[in-house]
Amino acid sequence: MTMQHKSASAADEIIQLDVSGMTCAACAGRVERALNKIDGATATVNYGTERAAISGISVEDVPRAIAQVERAGYGAHLRAGDDDPWSTRSTEVRISSLRRRLVTSALLTVPLMDITIVLALVPEWRFPGWEWVCALLALPIVTWAAWPFHRATIRNLRHGAVSMDTLVSLGIAASYGWALLTLFLGLGASGQNGYWLGFGITPDGADSIYLDVAAGMTTFQLAGRYFEARSRRKAGDVLGALSALAATHVRVLRGGESNIEPIEDLRIGDTFVVLPGETIPADGTVSAGTAAVDASMMTGEPAPVPAVPGDRLIGGTISTDGRLEIEATAIGANTQLAQMAAFTEQAQARKAGVQALVDRIVRWFVPAVIVFSILVAAGWALSGAPMQHAFAVGISVLIIACPCALGLATPTALMVGIGRAATLGILIKGHDALEASGRIDTVVLDKTGTLTTGRMTVQQITALGVSEDELWRLAASAESGSEHPIARAIHTAGPGSEELLRLERFTALPGLGVDARVAGRQVVLGNPALIRDRGVLVSDSAEQAVDHAHACGYTAILVACDGDLIGVLGLADAVKPYAADSVAALIEQRLEVVLLTGDSQSAGERIASELGIDRVHAGVLPMQKAEIIRALQQEGRKVAMVGDGINDAVALATADLGLALATGTDIALKAADIILVRDDIRVVPDAITIARKTLSTIRVNLIWAFGYNVAAIPIAAAGLLNPLIAAAAMSLSSVLVVYNSLRIQKVQPMHH
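Residues numbered from 1 in each chain as written. Predicted model: local features only at pLDDT ≥ 70, side-chain atom pairs only at ≥ 80, totals over all residues. Heavy atoms only, no water.

A. Structural context of the overall build of the protein. The secondary structure content of the protein amounts to 26 helices and 27 strands. The buried share among the 752 residues of the protein stands at 54%. The contacts of the protein with a sequence gap of at least 6 include a subset with a gap of at least 24, amounting to 69%. (Helix = DSSP H or I, 4+ residues; strand = E, 2+ residues; numbered from the N terminus. Buried < 20%, exposed > 50% of the residue type's maximum accessible area, 1.4 Å probe, protein only. Contact = heavy atoms within 4.5 Å.)

B. Broad picture of the sheet that holds strand 24 (residues 615–617). Strand order in the open sheet made by the seven strands is 15-27-26-25-16-23-24, with mixed pairing throughout. Single-partner strands in this sheet number two, and they are strand 15 (426–428) and strand 24. On average, adjacent strands in this sheet sit at an angle of 20 degrees to one another, irrespective of strand direction. Pairing of strand 16 (residues 442–446) with strand 23 (residues 592–596) involves five bridges; the strand directions are parallel. Bridging across to strand 23, Val-443 finds its partner in Val-593. In the packing of helix 21 (residues 601–611) onto the sheet, the strands contacted are strand 23 and strand 24, and the crossing angle to strand 24 comes to about 150 degrees. Lying over the sheet, helix 25 (residues 683–717) contacts strand 15, strand 16, strand 25 (639–643), strand 26 (657–661) and strand 27 (674–676), oriented at roughly 40 degrees with respect to strand 15. (Pairing = 2+ DSSP bridges. Axes fitted to C-alpha atoms, helices over the stretch in contact; angles between N-to-C directions.)

C. Quick look at the pairing of strand 26. Of all five residues in strand 26, five are buried, a share of seventy percent or more. Every second residue of strand 26 is oriented toward a common face, with Leu-657, Leu-659 and Leu-661 on one face and Gly-658 and Ala-660 on the other, all of them buried. Bridging between strand 26 and strand 27 involves three bridges; their strand directions are parallel. When the sheet's bridge partners are listed, Leu-659 is paired in strand 27 with Ile-674.

D. Representation of the packing of aromatic side chains. Within this structure, the stated rule accounts for zero aromatic pairs. A cation over a ring is seen here: Arg-101 above Trp-144, with NZ or CZ 4.9 Å from the ring centre. In this structure, Arg-682 is placed above the aromatic ring of Tyr-578, and the distance from its NZ or CZ to the ring centre is 3.6 Å. (Phe/Tyr/Trp six-rings, centres within 6.5 Å; stacked < 30°, edge-to-face > 60°. Lys NZ or Arg CZ within 6 Å of the ring centre and 35° of its normal.)

E. Spotlight on the pattern of salt bridges. Applying the stated criterion across every chain, the model contains 19 salt bridges. When the shortest N-O distance is used, the salt bridge between Arg-517 and Glu-504 registers 3.6 Å. Of this pair, Arg-517 sits in strand 19 (residues 513–518) while Glu-504 sits in strand 18 (residues 503–509), placing them 13 residues apart in sequence. Under the relative-accessibility criterion, Arg-517 is labelled partly exposed at 31%. Relative accessible area serves as the criterion here: at 37%, Glu-504 is assigned to the partly exposed category. Because the salt bridges share partners, they merge into one network encompassing Glu-470, Arg-473, Arg-521 and Asp-562. (Salt bridge = Lys/Arg side-chain N within 4 Å of Asp/Glu carboxyl O.)

F. Highlighting the packing of helix 12 (residues 387–400) against helix 25. It is at 8 Å that the axes of helix 12 and helix 25 come closest, and there the two elements cross at 175 degrees. The pairing of helix 12 with helix 25 is recorded here as roughly antiparallel in orientation. Where helix 12 approaches helix 25, its residues Val-393, Ser-396, Val-397 and Ile-400 are matched on the opposing element by Tyr-708, Asn-709, Ala-712, Ile-713, Ala-716 and Ala-717. Class assignment for the residues of the contact of helix 12 with helix 25 results in eight nonpolar, two polar and no charged. (Parallel < 35°, antiparallel > 145°, perpendicular 65-115°, else oblique. Nonpolar A, V, L, I, M, F, W, Y, C, P; charged D, E, K, R; others polar.)

G. The arrangement of the sheet that holds strand 11 (residues 305–307) in detail. Spatial ordering of the open sheet is given by 11-10-13, a layout of three strands whose pairing is antiparallel. The sheet terminates laterally at strand 11 and strand 13 (318–319), the two strands that pair on one side only. Of the strand pairs in this sheet, strand 10 (residues 291–294) and strand 13 are connected by two bridges, and their pairing is antiparallel. Pairing of Asp-294 across the sheet is with Ile-318, part of strand 13.

H. Summary view of the nonpolar core. In this structure, Leu-35, Ile-426 and Leu-676 are the most contacted members of the largest nonpolar core, which totals 96 residues. The biggest single contributor to this core is helix 25, with 15 residues. With residues up to four places along the chain from it excluded, the contact list for Ile-426 reads Ala-421, Ile-674, Ile-675, Leu-676, Val-683, Asp-686, Ala-687 and Ile-690. Counting residues in hydrophobic clusters, the runner-up holds 31 residues, among them Leu-112, Trp-130, Ala-214 and Ala-223. (Core = buried A, V, L, I, M, F, W, Y, C linked by side-chain atoms within 4.5 Å.)

I. Inspection of the environment of Trp-144 at higher detail. Here Trp-144 lies in helix 4 (residues 130–145). Considered as a pair, Trp-144 and Arg-101 are 43 residues apart in the sequence and their alpha carbons are 7.6 Å apart. Sequence-distant contacts of Trp-144, defined by excluding residues within four places in its chain, comprise Arg-100, Arg-101 and Thr-104.

Read these as layout, nothing more, since geometry by itself doesn't imply function.
The following block contains the structure:
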């Protein structure tokens, strides 16, 4: 198992166990209750992923947790990564076992059904002992082939519990037992006809027809379990696909020569070589060489992107046509690939709120169905109906009411949806984000770094009382201590580093500017509000320069030195490619788009006009962003916030749904509900699309599963449903829920 260390304390450590032997949501609930009996432990068990996540215990307590699971009648193993061999082997063994039993059962069931149905309807073709031939054909089906259901039932009864397997096992045993009883005691020779098959009434003496009910029920159930197991394995394959992207070895450049070493030996700062066709083993910055890099599995971007010196590359991507030398900046669990896999695994393992309700329903539903089927059969018998008919009705109720589909409805869709999103460069943290995506009606977009490239350039310079060279030198020297996009633009446009003055003190003023001490002089750069607040006189010529910058849609930055205004700089930020298409896609999804920026009103309106956004909030300080989110919520709106910086973190946490670009800060990522890995603004509508699709699939699954049981039980109780048809319908319902969930994998991104 993989352990996520949130902190050094055991209370914050998440232990994950692979659990084997679970066959329904009731099993998951039983394992969960067993684990929660451990002192200090808080456990959630996900039937869809077949994993248990436990907090409040340390690694030393794992043997006790495994023993607790085994005492509940199931198997468990400490998870050893995404490609954990124990988990993989357990799944493969289960699927191969189901396949063998299904094939054997089907090969015997087909001739059995032919014999029993034909001879039941055509007495002239019966031969002596034909019922015993049918009984012998059915015996391996109801014993060996159906053993997984019987074994689970015996295990559960040993612990004083019942599950969905109990319903199946009882139905099979009762059908076969009734047929043998009629043969031994001659209950079929009553002079009465048999029961309705859907295409005719069986003549007298056709009681062995229950043998093919038992055999057919077993075959249908095995088929349902087999296809369900295969589909669930396919649904979880995305996690394995992400893990498979990780390289196991790396060409490290040491002393001018490249040596192939295990990836574990790579250290931050090491330079490694990537040849054409090889996987980039770690995150890093290109130091030499050029290549086209395929990042499709990481970000969903179909076309390779060019990589040149200075570019940052993600581990797990592939160099398609060039040799690269890359300096490692993140290794091991700190790489973006490892974090994507960890986020995805945690989200898939997390249990949705609605699933907890389903688990509680299933816990009481199974024993209620058993009691109800007995009462229905007794009611029909007391009303004067033949025993065969009363028995058939009871069996039909027992089988049709099995809530297997209900237990699969949420975890399967959640697993597929989160997995598909990860392949598109979208990390959904859990079901809460999906539920929020279905309610939002307003999307607030931060401008800088989200809609724009964040790479600003100086478009206008006005020197006041000093030369342009002096203005550049002072401004660039003051901004040399900052990584803000405006600071980088001024620093890049200014003189070379050899001409910069000594920076003695630097203070960033979020949303306003900077206050620095440069070579003994006090330098302040920022918006007009900051300059006026510092008591600096803004002359008419400076006002004209500011007005001109605003008229052009530029961000105006005023520069003051020792209390005197010495210049005005106008900066502009380029809109990201496809930003307009992304905004249009959000509007098509019936979402109102709001632009949020700390820039001037004119700069904000210029970007909004270019992108087709009607509502703009400009000149907004970091803390005011959250206030605007709250103001929109007070209007009755459900708000999604998209941002990337530290100044967006509070707003992301305040919004009903927070989406953070992975190029942003760690604080912003922690505050967000959805992390957008792909460096493409089109990922925003993609994220909302797939989140809504997953949520709608969960709702459809639940409606189908609940509706199926609500509609089918009265039909069966009324005697209008053959036990064989009931078994087929129950198996089909589970398969339909799984395959409906798999349809989420067909969701395509905007650029497809």
